[in-house]
Protein chains: 2
Amino acid sequence: MSILLAIVDDKKINRQTVKEKLYGFAEISLLLEAESGDNFLEQLNKTKQVPDVVLMDLEMPGCNGIETIRLATANYPSIKFIVLTVFEDSDKIFEAIKAGAHGYLLKEDKAVEIVDAIVNVHEHNGIPMSPLIARKAMNMLMAVPMHAYANEEEDLPIKEDNAGISTREMDVLKELASGKNYKFIGEKLFISPKTVRKHVANIYEKLHVNSRTQVVNIAHKKRWI
Amino acid sequence: MSILLAIVDDKKINRQTVKEKLYGFAEISLLLEAESGDNFLEQLNKTKQVPDVVLMDLEMPGCNGIETIRLATANYPSIKFIVLTVFEDSDKIFEAIKAGAHGYLLKEDKAVEIVDAIVNVHEHNGIPMSPLIARKAMNMLMAVPMHAYANEEEDLPIKEDNAGISTREMDVLKELASGKNYKFIGEKLFISPKTVRKHVANIYEKLHVNSRTQVVNIAHKKRWI
DNA sequence: AAAAAAATACCCCCGAGGGAGTATTTTACT
DNA sequence: AGTAAAATACTCCCTCGGGGGTATTTTTTT
């Protein structure tokens, strides 16, 4: 039995485009179309058959997509909503998911990706997401302080993020990274330049690099300097 | 020209499985395999050709996948890492992304999905993500207060505080800062290593420094890299 | 007290990096 | 068309950095 689909988009041409993309995939059959959130909800209340999956645009006059999802999922929890919109709406993703969306795709995505997503939400419990959307979501996430979503075992002694670099090696590394030569570093740390050499060799080994430049890059990335 | 791929997984059987999945896709050619993070980093430092995309397992003895990604992206920013692992590792997703991963797939994903992801990270700037992973990520996200991730980023029009560095010199500088030697830079930019030398000398003069390391620090400070 | 890890120090060898030039061709801007 | 600036290329010389070691002392952990 095929998956019953609904398409909600205010512009007829958009619905048409989607229909064409889905044309030929036997596992999907179009149950209904709506030109607005309100219209979709009305149709829902009148029909016997409810769709399995709904492709939902966000930018629509009247009741917007997210609100529609929120309302519909309250009464029809079996329906899986996939947001299908343009990239400009992408900051709505968290709102949409929170409202009950089960996927977030871009209109520019390929047909096979959309079909995959429809099948996936229907049969599994994933959240199909366009790569560009995921990128956006992750960017937004990275702005959030890490501790906010820190979970379990984070109470461990500040996880060896330093790749096994010892304290003395770190002393050397800092000087190294600021461009000092062995002689200078040795004088500053009151040790022989030969010893500095040895520390540096060990650092290189631990970081899997072979030049000062690479150490500096890693040091910046890890915010050691 | 096809996409150069690397596979990092401690178990030979897993690498074999992946290879079989990718077999027959002409747009992807396998450049190298590694059985551990350490091994991968070593190979990177020795090979002339750098992979475009790396499929990285997370659970490995020795240097783990995330640490490997962190180290590698610091010095090879052009490489796109896609985590390819089992669902049990899925709570590592934020760590992985933060470390520099560009995708997060499951080993059980279909071949075509993996290929799509590889092509996507190589040609676009998305983060391909398995639906189940996205679900997990969203679940973790929903625990975060909404206001936290309101608005952020947007391409800051940061332009030109460069100290009279010309465009060509900037080309050289970027390679220089990532630890390449003169010969390599020359090949990459289609000029003689002697010319590179000259550019570097000019850069040093303009920035008032006398070593690569110092250039890297300035480049980071000025956010050139 | 014994074992492990870190810190100290040294060796040889060679190539890459850098100082200080000179010089020609291309591109950019009047 | 004429000039300035940038990009290209090369030379000599010498230091410093990095690969690959070995070895002793101190500190930490068990």
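Residues numbered from 1 in each chain as written. Chains lettered and ligands numbered in written order. Predicted model: local features only at pLDDT ≥ 70, side-chain atom pairs only at ≥ 80, totals over all residues. Heavy atoms only, no water.

**Thoughts on the overall build of chain A**
Next up, step 1: Regarding its fold elements, chain A presents 10 helices and five strands.
Next up, step 2: In chain A, which comprises 225 residues, the share counted as buried stands at 50%.
Next up, step 3: Here chain A displays about 11,100 Å² of accessible surface, and carbon together with sulfur accounts for 54% of that area. (Helix = DSSP H or I, 4+ residues; strand = E, 2+ residues; numbered from the N terminus. Buried < 20%, exposed > 50% of the residue type's maximum accessible area, 1.4 Å probe, protein only. Areas by Shrake-Rupley, 256 points an atom, 1.4 Å probe, with all protein chains shown as cover.)

**Digging into the sheet that holds strand S3 (residues 53-56) of chain A**
Residue and element names in this part refer to chain A.
Next up, step 1: Here five strands make up an open sheet; going across it, the order is S2-S1-S3-S4-S5 and the pairing parallel. Two strands lie at the open edges of the sheet, namely strand S2 (28-34) and strand S5 (101-106), each paired on one side alone. Neighbour-to-neighbour, the strand axes of this sheet turn through a mean angle of 25°, independent of strand direction. (Pairing = 2+ DSSP bridges. Axes fitted to C-alpha atoms, helices over the stretch in contact; angles between N-to-C directions.)

**Topic: the interface of chain B and chain A**
Next up, step 1: Listed per partner, the contact involves 56 residues of chain B and 52 residues of chain A.
Next up, step 2: When chain B packs against chain A, close to 4,700 Å² is buried across both sides, 63% of that on carbon and sulfur atoms.
Next up, step 3: Counting across the interface, chain B meets chain A through three salt bridges.
Next up, step 4: Measuring nitrogen to oxygen at the nearest pair gives 3.8 Å for the salt bridge that ties Lys 110 of chain B to Asp 116 of chain A.
Next up, step 5: Our count for the contact surface shared by chain B and chain A stands at 13 residue pairs in polar contact (both at pLDDT 80 or more).
Next up, step 6: The set of elements that each furnish at least two residues to the side of chain B that touches chain A consists of helix H2 (37-46), helix H3 (65-75), helix H4 (93-99), helix H5 (111-123), helix H6 (131-142), helix H7 (167-177) and helix H10 (212-221) of chain B.
Next up, step 7: If one sorts the elements of the side of chain B that touches chain A by residue count, H6 of chain B sits on top with nine residues.
Next up, step 8: Classifying every residue of the side of chain B that touches chain A by side-chain character gives 27 nonpolar, 15 polar and 14 charged. (Contact = heavy atoms within 4.5 Å. Buried area = accessible area lost by both parts, 1.4 Å probe. Salt bridge = Lys/Arg side-chain N within 4 Å of Asp/Glu carboxyl O. Polar contact = N/O pair within 3.5 Å; in protein donor to acceptor, adjacent residues only side chain to side chain. Nonpolar A, V, L, I, M, F, W, Y, C, P; charged D, E, K, R; others polar.)

**A look at the pairing of strand S1 (residues 3-8) of chain A**
All names here are of chain A.
Next up, step 1: Of all the six residues making up S1, six are buried; the element is thus mostly covered by neighbouring parts of the structure.
Next up, step 2: Both faces of S1 are covered, namely the face carrying Ile 3, Leu 5 and Ile 7 and the face carrying Leu 4, Ala 6 and Val 8.
Next up, step 3: For the handedness criterion, the β-α-β arrangement of S1, helix H1 (residues 12-22) and S2 is classed as right-handed.
Next up, step 4: Bridge analysis of S1 against S3 gives four bridges, and the strand direction is parallel. In the sheet register, Ala 6 faces S3, and the bridge partner there is Val 54. (Right-handed = clockwise from strand over helix to strand, strands pointing away.)

**Structural notes on the packing of helix H8 (residues 182-189) of chain A against helix H9 (residues 193-207) of chain A**
All names here are of chain A.
Next up, step 1: For the pair H8 and H9, the least separation of the axes is 8 Å and the interaxial angle reads 105°. Classed by the angle they form, the pair H8 and H9 counts as roughly perpendicular. Facing Tyr 182, Lys 183, Ile 185 and Gly 186 of H8, the residues of H9 in contact are Pro 193, Val 196, Arg 197 and Val 200. (Parallel < 35°, antiparallel > 145°, perpendicular 65-115°, else oblique.)

**Quick look at the protein's contact with DNA strand D**
Next up, step 1: What surrounds DNA strand D is a group of 17 residues, the closest being Arg 197, Tyr 204 and Asn 210 of chain A together with Ser 166 and Ser 192 of chain B.
Next up, step 2: Backbone atoms, meaning sugar and phosphate, form 62% of the atoms of DNA strand D found within 4 Å of the protein.
Next up, step 3: A distance of 2.9 Å separates a base nitrogen of DNA strand D from a polar side-chain atom of Arg 197 of chain A.
Next up, step 4: One nitrogen or oxygen atom from the side chain of Arg 168 of chain B is found 2.9 Å from a phosphate oxygen belonging to DNA strand D.
Next up, step 5: Counting residues per element, the surface near DNA strand D draws most heavily on helix H9 (residues 193-207) of chain B, which supplies four residues. (Near = heavy atom within 4 Å.)

**Some thoughts on the pairing of strand S2 (residues 28-34) of chain B**
Next up, step 1: As defined by bridge partners, strand S1 (residues 3-8) of chain B adjoins S2 of chain B across six bridges and the pair is classed as parallel. From the neighbouring strand, Ala 6 of chain B faces S2 of chain B, where its bridge partner is Leu 32 of chain B.

**Concerning the protein's contact with DNA strand C**
Next up, step 1: By nearness alone, 17 residues border DNA strand C, and Ser 166 and Ser 192 of chain A together with Tyr 182, Tyr 204 and Asn 210 of chain B come closest of all.
Next up, step 2: Of all atoms in DNA strand C that approach within 4 Å of the protein, 63% are sugar or phosphate atoms.
Next up, step 3: Here a phosphate oxygen of DNA strand C sits 2.5 Å away from a polar atom, N or O, in the main chain of Ser 192 of chain A.
Next up, step 4: In the environment of DNA strand C, a phosphate oxygen lies 2.9 Å from a nitrogen or oxygen atom belonging to the side chain of Tyr 182 of chain B.
Next up, step 5: Elements with a minimum of two residues in the surface near DNA strand C: helix H7 (167-177) and H9 of chain A together with H9 of chain B.
Next up, step 6: Broken down by element, the residue count for the surface near DNA strand C peaks at four residues, all from H9 of chain A.
Next up, step 7: Of the residues belonging to the surface near DNA strand C, the class tally is three nonpolar, eight polar and six charged.

**Some remarks on the sheet that holds strand S3 (residues 53-56) of chain B**
Residues and elements named next belong to chain B.
Next up, step 1: A sheet is described by the order of its strands in space; here five strands give the open sequence S2-S1-S3-S4-S5, paired in parallel fashion. Looking along the sheet, the strands with just one partner apiece sit at the ends: S2 and strand S5 (101-106). Taking the axes of each pair of neighbouring strands and ignoring which way they run, one obtains an average angle of 25° across the sheet.

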